[in-house]
Protein chains: 2
Amino acid sequence: MSATIRERRNTAQKEAVCRELTAADGFISAGELHQRLRDEGSAVGLATVYRQLNALVDIGRADAIPVPGGQLFRACEQGGHHHLVCEDCGTAVDIDPPDEEWIRATAERSGVTVTRHILEVFGRCGACPAE
Amino acid sequence: MSATIRERRNTAQKEAVCRELTAADGFISAGELHQRLRDEGSAVGLATVYRQLNALVDIGRADAIPVPGGQLFRACEQGGHHHLVCEDCGTAVDIDPPDEEWIRATAERSGVTVTRHILEVFGRCGACPAE
DNA sequence: ATGCGTGCAAACGATTTGCAGAGAA
DNA sequence: TTCTCTGCAAATCGTTTGCACGCAT
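Residues numbered from 1 in each chain as written. Chains lettered and ligands numbered in written order. Predicted model: local features only at pLDDT ≥ 70, side-chain atom pairs only at ≥ 80, totals over all residues. Heavy atoms only, no water.

On to the pairing of strand S2 (residues 62-67) of chain B, then. All names here are of chain B. Two elements, S2 and strand S3 (residues 70-75), share 6 bridges in a ladder whose sense is antiparallel. Across the sheet, the residue bridging to alanine 62 is alanine 75, located in S3. With antiparallel pairing between neighbouring strands as the criterion, S2 and S3 make up a hairpin whose turn holds 2 residues, including glycine 69 at a positive phi of roughly 90 degrees. (Pairing = 2+ DSSP bridges. Helix = DSSP H or I, 4+ residues; strand = E, 2+ residues; numbered from the N terminus.)

So, in structure tokens, the structure goes:
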């Protein structure tokens, strides 16, 4: 079991998924990404989208957060992930990082070495009707 | 659409699920909870476990957090969800709430009313081999 | 007795995987 | 040409739901 590095060929689909993920300014579901790709003209299979997305997560170029009914993906950014997500329209806004120090310190206190953290704040933005 | 309060009869299963959820000192999956119930002698159906769990979430007595491959439940606590998850063994530890004030203030500044927030900190706990 | 709650199994929706063909190196 | 990547569709897996019966009220 050698730490063989998987071959990585360049394909249009690979690039398409990567580009669309980056274009999506925030988290996006695999299905949604697939749909956008279609609309855009790139006929990429859903399975490929998933495979590509997972590959990106594996190599650390993307992050996945689980949500009820599936998961959302996002192009990786360094450091933690901090977003303000409107539960209604799905708009995600970046927010400034909070007490990163605090997080690390707390984790270490529990004997855990922090590798990454995600802060998701859900709410309803002003543009959306109040239910 | 009246705020009709659903009937709530007392049943052994209902109590069992509730008790087991409370007994679980942390997050637990529906399947795991179901298994424990079985081991304990309570023959509760998996569907019922789900129904009960969802009901508890609905009335705010439990919280569900989505994880890859499903969701985890936990007896409700006030405030947001904060845990420290070991990426290796999956152990989740509660951590004290950070700057809740900061979060709310930041959100409001963007015109967003916060409904809930989740802070996920990933790392590797001391009990797990360093890769 | 009446109607909610339960159990079973089928239904569902998201994600994964097997296999044969297409394209990158 | 060789071998990885893709597409399609079937297979999985967690979760939900329809239906008939039992039990709490």
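Moving on, we get to helix H1 (residues 12-23) of chain B. Residues and elements named next belong to chain B. A rise of 1.5 Å per residue sets the reference length of H1, with its 12 residues, at 16 Å; its end C-alpha atoms lie 16 Å apart and thus fit the reference within 8%. Ala16, Val17, Cys18, Glu20 and Leu21 are the residues of H1 that are buried. Against strand S1 (28-29), helix H2 (30-39), helix H3 (46-58), S2 and S3 lie the buried residues of H1. (Expected span 1.5 Å × (residues − 1). Buried < 20%, exposed > 50% of the residue type's maximum accessible area, 1.4 Å probe, protein only. Contact = heavy atoms within 4.5 Å.)

The environment of DNA strand C is made up of 22 residues, and the closest members are Arg9(A), Tyr50(A), Arg9(B), Thr48(B) and Arg51(B). Take the atoms of DNA strand C that sit within 4 Å of the protein: sugar and phosphate atoms are 65% of them. Arg51(A) places a polar side-chain atom, nitrogen or oxygen, 3.4 Å from a base oxygen of DNA strand C. Note that a phosphate oxygen of DNA strand C is positioned 2.3 Å from one of the side-chain N or O atoms of Thr48(B). Broken down by secondary-structure element, the contributors of at least two residues to the surface near DNA strand C are helix H3 (46-58) and strand S3 (70-75) of chain A together with H1 and H3 of chain B. Classifying every residue of the surface near DNA strand C by side-chain character gives 5 nonpolar, 10 polar and 7 charged. (Near = heavy atom within 4 Å. Polar contact = N/O pair within 3.5 Å; in protein donor to acceptor, adjacent residues only side chain to side chain. Nonpolar A, V, L, I, M, F, W, Y, C, P; charged D, E, K, R; others polar.)

Another point: the pairing of S3(B). Strand residues, when the strand is regular, have side chains that alternate between the two faces of the sheet. With 2 bridges connecting them, S1(B) and S3(B) associate as antiparallel partners. In the sheet register, Ser29(B) faces S3(B), and the bridge partner there is Leu72(B).

All names here are of chain A. Tallying each qualifying case throughout the model produces 2 salt bridges over all chains. Across the pair glutamate 32 and arginine 36 runs a salt bridge, and its minimum N-O distance is 3.1 Å. Pair noted here: glutamate 32 and arginine 36 are both in helix H2 (residues 30-40), with a separation of 4 residues, about one helical turn. Given the relative accessible area of 35%, glutamate 32 is considered partly exposed. (Salt bridge = Lys/Arg side-chain N within 4 Å of Asp/Glu carboxyl O.)

Core analysis: the largest hydrophobic core is formed by 15 residues, its most contacted members being Val17(B), Leu21(B), Val49(B) and Leu53(B). Contributions of two or more residues to this core are made by H1, H2 and H3 of chain B. In contact with Leu21(B), not counting residues within four places along its chain, are Ile28(B), Leu33(B), Leu53(B), Leu56(B), Ala62(B), Phe73(B), Arg74(B) and Ala75(B). Counting residues in hydrophobic clusters, the runner-up holds 14 residues, among them Ile28(A), Leu53(A), Leu56(A) and Phe73(A). (Core = buried A, V, L, I, M, F, W, Y, C linked by side-chain atoms within 4.5 Å.)

All names here are of chain A. Residue position: alanine 16 is located in helix H1 (residues 12-23). Since its relative accessible area comes to 9%, alanine 16 is described here as buried. Sequence-wise, alanine 16 and histidine 34 are 18 residues apart; in three dimensions their C-alpha atoms are separated by 9.9 Å. With sequence-adjacent residues up to four places away left out, alanine 16 is seen in contact with Leu37, Ser42 and Val44.

With 63% of its residues at a pLDDT of 70 or more, chain A shows a mean pLDDT of 76. When the criterion is pLDDT under 50, residues 1-5 of chain A qualifies, and its contacts beyond four places in sequence or with other chains add up to 0 contacts. (pLDDT = per-residue confidence, 0-100.)

Now for the packing of aromatic side chains. If you walk through the whole model with that rule in mind, you get 0 aromatic pairs over all chains. Above the ring of Phe27(A), the side-chain terminus of Arg74(A) is found at 6.0 Å from the ring centroid. (Phe/Tyr/Trp six-rings, centres within 6.5 Å; stacked < 30°, edge-to-face > 60°. Lys NZ or Arg CZ within 6 Å of the ring centre and 35° of its normal.)

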